[in-house]
Amino acid sequence: MGKIQISWCVICFVCSLILNLLLVSDRMYVGGKWEVSWSRRAAEEGEAAAAVECSGHGRAFLDGLDVDGMPECECNSCFVGSDCSQISSDCVADVDSGEALFLEPFWMQNAASSAMLVAGWHRMSYEFKNQSLISSVLENQIRKLHTAVGNAVTQGRFIVFGTGSIQLLNAAVHALSQENSSVPAKVASVPFYQLYQLQTDLFRSLDFEFQGDTSLWKNNSDSGLNFIEIVTAPNNPDGQMNKALLQGPYVKAIHDLVYYWPHFTAIPAPSDEDIMLFSLSKFTGHAGTRFGWAVIKDEAVYQRMSTYVELNTLGISRDAQLRAFKLLKVVMERSGRGIFEYGHSTMRNRWEKLSSAISVSERFSLQDIPPQYCNFFQTVRAASPAYGWLKCELEEDKECYRVLKKAGIIGRDGTLFGVGSSYVRLSLTKTQDDFDMLLHKINKLVAKEDDMQARSTM
C-alpha cells in the first residue's frame, strides 16, 4: 500500500513539473505543434500596425501617434490625409536627405524573415557573457558578408562597432592623432561630406584640426606636417571612386566606404585599407538603428578606437546589435543577391531617368560615371549612384540652390561640400514618391528652356 502511495506521489510530482515547465515556457504545445504564448500579443500588435492602410504613400508604426488605440499613418512627402491618399497642392520635391528609403519595399517583401520580437529581459547587462561589448555572432556575420560581397578584406583584421559610421570616424581620427607628436591636419578631397568639417569644429579637439581640401596639401605631404586624409569611395556627393592623394611617412588615411555596396557602385575588388568604415544606414537602409563598424589592420589603432567607443557610449545598444544580426541573416540567405539585385535595379532606373531628363538641357548637367565591371554581379554594370551632383551651367544661375528651390526642388547646397554655389546634391535614395516628384519638377524646369528659347527668337 505504501509503495502505491509513493508511486502516485512521484506521478503527481512529474505531472506538476511538466505543467509548470509548459506554463513558464515561451511556447505551448497544442494539437501536436508548438504555439506562441507570451509573444502572441506583441506579434498581433506589430501585424496590426503593418496592416494600417496608408494608400501606398505612408506607413504606420507601433511607436507612432495613435488614434483610438491604433497607430496612424505617417505620410510620405507631398501626401496628406488620414490614409495619405491626398496630394498636397503646394508640394516641393525634398531631396536633401540621404536616407536609403528606396529599400523599404525590399524589407516589406521579406516581412516574415526580417521581423524581430525582443523579450523584455533581452540582454539587460552592459556586456555579453564573455565580457565583450560586441556580439561575436554579429561580428562573424559581418565577416561572412564582406567575403560574399567581395568589397573588403576582413581576414586577419580587427572589427569595432560604433553608433553609425559617424562615431567611428571620430574614433579613428582620435586613434590616429595619438600616434603623432604634433597636431595633425584632417583633410578630404572636394567635394567632401560636410560632416567631416562640422564634427571637427564641434569637438574643437586639441589633437587635430580640419584643413579642408586635400589637393591644397598634395605638394606638402613630405614637409614634416602630419595628415589624416579621409578618402570616401564612392564619394558623397558625386559618386566618384576617390583614392588617397597624399603619400609619405606623415600621412594616415581613413577610408569611408559606407557607399561601397552593389546598390551604388560596381565592386571591382575588395578594399584592403588600414581603416575602413561601413554602416547599416546605406547598406540595408536602417539609418535609425544607428549601427556601423570599422575594419582595422593595426592592433594598436583597434585598441584605441575600442577604448574611445567604450568611454564615449559604453558600447553599442544590444538591441541595435540584435537587429543588425537579424537583418544580415536575411541578406545572407542568397549571399546578398536579393537585396543587391533589388537595390541596384532601383537606383540604376532612377539614375537613367534623371540623366535622360537632364541630357536635353543646356542649363543643367550631371556628373559622368562610366560603366564598370563588377565582380559581385560578374558583369559590366551601369552607374547607379546615390546622388545626382547637378551643376547649373549658366552664369545667371550661379546660385544653383536658389534656382532649384524656386522651381520647387530642395537639394543640398554645393557650398556645404567645399565647392562653389553652382552645384547642388540631389538625393536619389528616398521613397519612390520623393523621386517621382523630383523627376516631375526637373522635367518642368527643363521644359521651360524651350519656352525661353522660343520667346527669344520671336
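To keep things clear, this report deals only with the structure shown in the data block. Fair warning: this is a prediction, and the values are worked out from it, not measured in the lab. Residue indices begin from 1 for each chain and proceed along its sequence in written order. Per-residue local features of the predicted model are confined to residues with pLDDT of at least 70, and side-chain atom pairs are confined, for both listing and counting, to 80 or more; whole-chain, interface and lining totals are unaffected and use all residues. Only hydrogens and water are set aside; all other atoms, that is, all heavy atoms of the structure, feed into the side-chain values.

Glancing now at the packing of aromatic side chains. The geometry of an aromatic ring pair is captured by two quantities: the separation of the ring centres and the angle between the planes. We call Phe, Tyr and Trp rings a pair once their centres come within 6.5 Å, taking the six-membered ring for Trp, and we label the pair stacked below 30 degrees between planes, edge-to-face above 60, and tilted otherwise. By the definition in use, this model includes 19 aromatic pairs. With 5.3 Å between their ring centres and 55° between their planes, W38 and W121 make a pair best called tilted. Placement of the pair is W38 in the loop between β2 (33–36) and α2 (40–50) and W121 in the loop between α4 (111–114) and α5 (136–149), with a sequence separation of 83 residues. The class for W38 is partly exposed, based on a relative accessible area of 38%. The interplanar angle of 65° and the centroid separation of 6.4 Å between the aromatic rings of W261 and W293 together place this pair among those described as edge-to-face. In this pair, W261 is assigned in the loop between β14 (251–256) and β15 (275–279) and W293 in strand β16 (residues 292–296), connecting sequence segments 32 residues apart. Working definition: helices are DSSP H or I runs of at least four residues, strands are E runs of at least two. Numbering for both runs from the N terminus. Each residue is assigned to one of three classes by its accessible area relative to the maximum for its type, calculated with a 1.4 Å probe on protein chains only: buried under 20%, partly exposed between the two thresholds, exposed over 50%.

This brings us to α5. One less than the number of residues in a helix, times 1.5 Å, gives the span that helix is expected to have. In this model, α5 (14 residues) spans 20 Å end to end at C-alpha, consistent with the 20 Å of a helix rising 1.5 Å per residue. The contact criterion used is simple: two residues touch if any of their non-hydrogen atoms lie within 4.5 Å. Contacts from the buried residues of α5 go to β10 (158–162), β15, α8 (280–283), β16, α10 (318–331) and α11 (337–359). Within two residues after α5, G150 carries a phi angle of roughly 80°, on the positive side.

Here T265 lies in the loop between β14 and β15. A residue is classified by how much of its surface remains accessible, and T265, at 8% relative accessible area, is buried.

Moving on, we come to the environment of G64. Positionally, G64 belongs in the loop between β3 (58–60) and β4 (66–67). Between the alpha carbons of G64 and E74 there is a distance of 7.9 Å; along the sequence they are 10 residues apart.

As a further point, take unusual backbone geometry. A cis amide bond links A233 to the next residue, P234, at an omega of -10°. Its location among the elements puts P234 in the loop between β13 (227–232) and β14. Positive phi, close to 65°, is recorded for Q131, a residue that is not glycine. Judged by relative accessible area, which is 57%, Q131 ranks as exposed. For S335, which is not glycine, the phi dihedral falls at a positive 55°. Position of S335 among the secondary structure elements: in the loop between α10 and α11.

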